[in-house]
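# Overview (structure and organization)
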Amino acid sequence: MFNRHISFPSALICLPVQHKTDFTSCASLKIRASVFCLSAPPPEGRSFMYYRTKKMVIMAVLCALAYVVMLVIKIPMVEFLSYEPKDIVITIGGFMFGPLSAVIISVIVAFVEMLTASTTGWWGMLMNIISSCAFAGTAGLIYKKKHTLTGAVIGLCTGWLFTSGIMMLCNYIITPIYTGLPRETVAGMLLPVFLPFNLIKYGINTAVTLVLYKPIVTALRKAHLLPEESDRPARAGHSARQ
């Protein structure tokens, strides 16, 4: 006969097992497994490690989400160029955890994309890393320095214009390598094709990030997945800000 007891509040699973026969009786066997409860509040005095662990989990989720968004949403625009909004997810990660986190997510997503979905190889991966880091990294860096709505707008707009410009250079240098197009042909496409495409693409990313970021962060804080402003762990003499 089995007697099972599951205790969720203590984040502990206990399975006492009793087996009795006419000849022998066995002592109960208890199997205990730790359960990682993401929605639980931080343990007293351990908020730094607590949120550091959750940061790693959330970054992994953002990597997966950015990859899925890249696969599912592809809108053909002009020539061989299409719009996909993975940089929105990466930028939200940069706003939550800083520009370095945006760079890490960008590299991971671009690498997995190259292995599974891209036909442009290492050069395409390099282009994806440059574009994502230029936009999300720039926006995240400025927002980290000026942690207000104004800072978010300035960061996104700066990333928008900076990425549109840097990608013109990358298109001229790298695009002929992985597309096989003559460089003269690519040069003729810079102003009429690549510049408008990048302005539209990162303009959309800017607007959508501004709309989505605050509700997402608010929901994560209510679920204890991000620290409240007053509960941020202090480090190096000042609190980390979100």
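Residues numbered from 1 in each chain as written. Predicted model: local features only at pLDDT ≥ 70, side-chain atom pairs only at ≥ 80, totals over all residues. Heavy atoms only, no water.

Quick look at unusual backbone geometry now. Positive phi, normally seen in glycine, also occurs at Glu 79, with a value near 50 degrees. Topologically, Glu 79 is positioned in the loop between strand S4 (75-78) and strand S5 (81-83). (Helix = DSSP H or I, 4+ residues; strand = E, 2+ residues; numbered from the N terminus.)

At a minimum axis distance of 7 Å, the contact between helix H4 (residues 121-145) and helix H5 (residues 149-173) shows a crossing angle of 155 degrees. Here H4 lies roughly antiparallel to H5, going by the angle between them. In this structure, the crossing between H4 and H5 has a hand that is right-handed. Residue classes in the contact of H4 with H5 are distributed as 15 nonpolar, eight polar and no charged. (Axes fitted to C-alpha atoms, helices over the stretch in contact; angles between N-to-C directions. Parallel < 35°, antiparallel > 145°, perpendicular 65-115°, else oblique. Left-handed = near helix turned anticlockwise from the far one by under 90°. Nonpolar A, V, L, I, M, F, W, Y, C, P; charged D, E, K, R; others polar.)

Turning our eyes to something else, we now look at the nonpolar core. In terms of nonpolar packing, the biggest core is built from 29 residues, with Ile 58, Phe 95, Met 96, Ile 105, Tyr 213 and Leu 226 touching the most fellow members. Put simply, the parts of the chain that give this core at least two residues each are helix H1 (47-72), helix H2 (86-97), helix H3 (99-116), H4, H5 and helix H7 (183-222). Counting residues per element, this core draws most heavily on H2, at seven residues. In this structure Ile 58 touches Met 96, Phe 97, Leu 225 and Leu 226, once residues within four positions along its chain are discounted. Leu 81, Met 168, Leu 190 and Phe 197 belong to the second largest nonpolar core, which has eight residues in total. (Core = buried A, V, L, I, M, F, W, Y, C linked by side-chain atoms within 4.5 Å. Buried < 20%, exposed > 50% of the residue type's maximum accessible area, 1.4 Å probe, protein only. Contact = heavy atoms within 4.5 Å.)

Relative to the 26 Å expected for 18 residues at 1.5 Å per residue, H3 spans 26 Å between its end C-alpha atoms, a close match to the ideal helical length. For H3, the complete set of buried residues consists of Pro 99, Ser 101, Ala 102, Ile 105, Ser 106, Val 109, Ala 110, Glu 113 and Met 114. (Expected span 1.5 Å × (residues − 1).)

What follows covers the pattern of salt bridges. In total, this model carries two salt bridges according to the counting rule given. Across the pair Glu 84 and Lys 86 runs a salt bridge, and its minimum N-O distance is 2.7 Å. By relative accessible area, Glu 84 is classed as buried at 5%. Exposure remark for Lys 86: the relative accessible area of 3% places this residue in the buried category. The salt bridge involving Glu 113 is made with Lys 86; its shortest N-O contact spans 3.7 Å. Pair noted here: Glu 113 is in helix H3 and Lys 86 is in helix H2, with a separation of 27 residues, a long-range link. (Salt bridge = Lys/Arg side-chain N within 4 Å of Asp/Glu carboxyl O.)

Moving on to a nonpolar patch on the surface. Judged by side-chain polarity, Leu 100, Val 103, Ile 104, Val 107, Ile 108, Phe 111, Val 112, Leu 115 and Trp 122 come together as a nonpolar surface patch covering roughly 810 Å² of accessible area. Following the sequence through the fold, Val 103 ends up in helix H3. (Patch = residues over 30% accessible without salt bridge, like charges linked within 9 Å, V, L, I, M, F, W, Y side chains within 5 Å. Areas by Shrake-Rupley, 256 points an atom, 1.4 Å probe, with all protein chains shown as cover.)

Now for the confidence of the model for the chain. Mean pLDDT over the chain stands at 80; residues scoring 70 or higher make up 74%. The low-confidence segment residues 1-39, where pLDDT is below 50, has 47 contacts with residues more than four positions distant or belonging to other chains. Long-range and interchain partners of residues 230-242, a stretch whose pLDDT sits below 50, account for 20 contacts in this model, where long-range means more than four residues apart. (pLDDT = per-residue confidence, 0-100.)

Once that is clear, we can look at the side chain of Asn 198. In this fold, Asn 198 is placed in helix H7. With near-sequence residues (within four places) excluded, Asn 198 lies in contact with Trp 160, Ser 164, Met 167, Asn 171 and Gly 203.

What the second largest pocket holds in volume is close to 570 Å³. The set of elements that each furnish at least two residues to the lining of the second largest pocket consists of S5, H4, H5, helix H6 (175-179) and H7. The leading source of residues in the lining of the second largest pocket is H7, at five residues. Partitioned by chemical class, the residues of the lining of the second largest pocket number ten nonpolar, ten polar and four charged. (1 Å grid on protein atoms, 1.4 Å probe; cavity = no way out; pocket = protein on both sides within 12 Å on 5 of 7 lines; lining within 4 Å. Points joined across faces, edges and corners; volume = space filled by probe spheres on them.)

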